[in-house]
Amino acid sequence: MSAPIRFDAIGFAGGGNRCYWQSGFWEAFAGLHPQRPDYYVTVSAGAYHCAINLAGKARQVREAAIAFAEEGSQDIEWKNLIYGRSPFVVGGLFDQFLTTMFDDGDLETLKAQPPIFMQVSRPPPLMPSSLAALGSIAAYQLEKRITGGAYSKAGRYLGLSPAWVSTHEMQTARDLIDGILATASVPPFMRVGRIHGRPCLDGGLVDNPPLLMLEETEAEGGRTLLLTTRHGRVPPATPNRSIVSPSEPVTVNNFTIRDPNGLRRAYEIGLKDGERFAKTLQV
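Small disclaimer: the values here were computed from a predicted structure and weren't measured.

A few points about the overall build of the chain
Part 1 of the reasoning: On a plain count of helices and strands, the chain comes out with nine helices and eight strands.
Part 2 of the reasoning: Over its C-alpha atoms the chain spans a radius of gyration of 18 Å, differing by no more than 12% from the 19 Å that the globule rule assigns to 283 residues.
Part 3 of the reasoning: For the chain, the C-alpha atoms occupy an extent of roughly 65 × 40 × 40 Å along the three principal directions.
Part 4 of the reasoning: Taken over 283 residues, the chain has a buried fraction of 52%.
Part 5 of the reasoning: Within the chain, contacts between residues at least 6 apart in sequence are counted, and of these 76% link residues at least 24 apart.
Part 6 of the reasoning: Roughly 12800 Å² of accessible area belongs to the chain as shown, and the carbon and sulfur atoms make up 55% of that amount.
Part 7 of the reasoning: Charge centroids of the chain, computed over 28 positive and 28 negative side chains, lie 5 Å from each other.

Some thoughts on the packing of helix α1 (residues 20-32) against helix α9 (residues 260-280)
Part 1 of the reasoning: Two elements in contact, α1 and α9, have axes whose closest approach is 6 Å; the angle formed by their N-to-C orientations is 30°. On the basis of the axis angle, α1 is roughly parallel to α9. Handedness of the α1/α9 crossing: right-handed. Judged by residue contacts, Tyr20, Trp21, Ser23, Gly24, Phe25, Glu27, Ala28, Phe29 and Leu32 of α1 engage Leu263, Ala266, Tyr267, Ile269, Gly270, Leu271, Asp273, Gly274, Glu275, Phe277 and Ala278 from α9.
Part 2 of the reasoning: A class-by-class count of the residues in the contact of α1 with α9 yields 13 nonpolar, four polar and three charged.

Section: the nonpolar core
Part 1 of the reasoning: In this structure, Trp26, Phe29, Tyr48, Phe102, Ile180 and Leu227 are the most contacted members of the largest nonpolar core, which totals 58 residues.
Part 2 of the reasoning: What Trp26 contacts, discounting residues up to four positions off in sequence, is Ile10, Phe12, Gly31, Gln35, Tyr40, Asn53, Leu54 and Leu227.
Part 3 of the reasoning: Grouped together as the second largest cluster of nonpolar side chains are seven residues, Tyr39, Val41, Met213 and Leu226 included.

A few points about the environment of Lys153
Part 1 of the reasoning: Looking at where Lys153 falls in the secondary structure, it is placed in the loop between α6 (129-147) and β4 (161-166).
Part 2 of the reasoning: C-alpha separation for the pair Lys153 and Arg6, spaced 147 residues apart in sequence, amounts to 29 Å.
Part 3 of the reasoning: With sequence-adjacent residues up to four places away left out, Lys153 is seen in contact with Glu143, Leu205, Val206 and Asp207.

Rules and cut-offs
Residues numbered from 1 in each chain as written. Predicted model: local features only at pLDDT ≥ 70, side-chain atom pairs only at ≥ 80, totals over all residues. Heavy atoms only, no water. Helix = DSSP H or I, 4+ residues; strand = E, 2+ residues; numbered from the N terminus. Rg over C-alpha atoms; globule rule 2.2 N^0.38 Å. Buried < 20%, exposed > 50% of the residue type's maximum accessible area, 1.4 Å probe, protein only. Contact = heavy atoms within 4.5 Å. Areas by Shrake-Rupley, 256 points an atom, 1.4 Å probe, with all protein chains shown as cover. Lys, Arg positive; Asp, Glu negative; His and termini not counted. Charge placed at Lys NZ, Arg CZ, Asp CG, Glu CD. Axes fitted to C-alpha atoms, helices over the stretch in contact; angles between N-to-C directions. Parallel < 35°, antiparallel > 145°, perpendicular 65-115°, else oblique. Left-handed = near helix turned anticlockwise from the far one by under 90°. Nonpolar A, V, L, I, M, F, W, Y, C, P; charged D, E, K, R; others polar. Core = buried A, V, L, I, M, F, W, Y, C linked by side-chain atoms within 4.5 Å.

So, in structure tokens, the structure goes:
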């Protein structure tokens, strides 16, 4: 029987609700190969799923999310426009949901784990955050047509720059929630994030999957693992990097709040893929 394999750094890519695949994968994989890397680097919803798994709350959070989805609430409330709010309800609900799921004890649990670096994008000082987000999304769509969308850094063409927020530097559960919201900030679906008063946007706008930190570890001879969420579209592998992705399409919409079966299916595919990957590893 082979000994558990340890990775020096592990990355969780973004992908909205597709990231429920990551939770399934992690449960199965880490159950057979427990991990304690030097750090985790995460982006967008990947940060959320990394945090709930390391805090030991993945099952509780997943069941609560599925139960809410079964209520059949609408994804869009056009009347919100009357009050100057986004018609996409997922952003406000996500904030409320995180507030009910995380407390200061959970942050202490995460601080006992290796740091989770939540990657954000910082707009140029004079560029409005909403313009930076919309411009980056448009640039990403163009980039995807050209490159296939396996790896995106479109926001960097508009002057956005990457930054990272560590769980080891957070003081309260509210800091943790703000970090998760900031790394997933894609207006108009999600509100503009703020860290220490500075605006932040989805880290995937400048680097998704999150490769910048992983590349530094790989250059020093470290072994890395990257959890992507797109079936059939992955960045090129390197000698020190293992890349895993769904074995079949994860079809749940990234921002929907009303597809319980899609969330379950994403998780179930992840379980299957995580177990399969774990069994392929040798000393």
